[in-house]
Amino acid sequence: MDLELWLVAKTIQDDARSLHHFKSTDADVLANEYNSGILPGAAQTAVGQFMSKYGMRGLYEIDFGRPRWREDPTPLMNTLKSYVEIKDEHAPDKVFAKGEVAAEQAIFELG
């Protein structure tokens, strides 16, 4: 799921209007805009696709009394605001791939 959220952030990074909007807008406003369907087009579409798959998740999701992202996407917008600031050399997909290679190498060496 985290790597899929990273792909949403990449979509936002790759669209100048969406990126500027995410960098200059508070998470609660972004959440309200998402719920109203008025985020910049690329962001609205990417977040919407993510929400259709993971919107039932949420912050502290083990607690059924906590709102799901569909109910309050503010925590998700906070995460996306953070993700769009990540530089390419520190991108989660690249970090994951490096870890995967290191794990395979360790298994081979122990093997």
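As a reminder, the structure under discussion sits directly above these lines.
As a starting point, this report considers the structure included with it.

Looking now at helix H3 (residues 27–36). When H3 is considered as a whole, its buried residues turn out to be Ala27, Leu30, Ala31, Glu33 and Tyr34. For H3, the buried positions fall inside an angular range of 165° around the axis, keeping them on one side. Seen from the open side of H3, the exposed residues pointing more than 90 degrees away from its buried face are Asn32 and Ser36. Next to the buried residues of H3 lie helix H2 (16–24), helix H4 (41–54) and helix H5 (74–83). Positive backbone phi, at 75°, marks Gly37, one or two positions downstream of H3.

Let's shift gears to the nonpolar core. Formed by 25 residues in total, the largest nonpolar core has its most connected members in Val8, Phe22, Met77 and Leu80. Put simply, the parts of the chain that give this core at least two residues each are helix H1 (2–14), H2, H3, H4 and H5. Looking at which element gives the most residues to this core, the answer is H4, with 6 residues. Each residue touching Val8, except ones within four places of it in the same chain, is listed here: Ala46, Val47, Phe50 and Leu80.

As a further point, take the layout of surface pockets. In this structure, the largest pocket encloses a volume near 160 Å³. Contributing to the lining of the largest pocket are 14 residues, with Met1, Leu59, Trp69, Leu76 and Thr79 lying nearest its centre. Listed by contribution, the elements that provide at least two residues to the lining of the largest pocket are H1 and H5. Top element by residues in the lining of the largest pocket is H5. It accounts for 4 residues.

Cut-offs used in this document
- Residues numbered from 1 in each chain as written.
- Predicted model: local features only at pLDDT ≥ 70, side-chain atom pairs only at ≥ 80, totals over all residues.
- Heavy atoms only, no water.
- Buried < 20%, exposed > 50% of the residue type's maximum accessible area, 1.4 Å probe, protein only.
- Helix = DSSP H or I, 4+ residues; strand = E, 2+ residues; numbered from the N terminus.
- Arc of directions from axis to C-beta.
- Contact = heavy atoms within 4.5 Å.
- Core = buried A, V, L, I, M, F, W, Y, C linked by side-chain atoms within 4.5 Å.
- 1 Å grid on protein atoms, 1.4 Å probe; cavity = no way out; pocket = protein on both sides within 12 Å on 5 of 7 lines; lining within 4 Å.
- Points joined across faces, edges and corners; volume = space filled by probe spheres on them.

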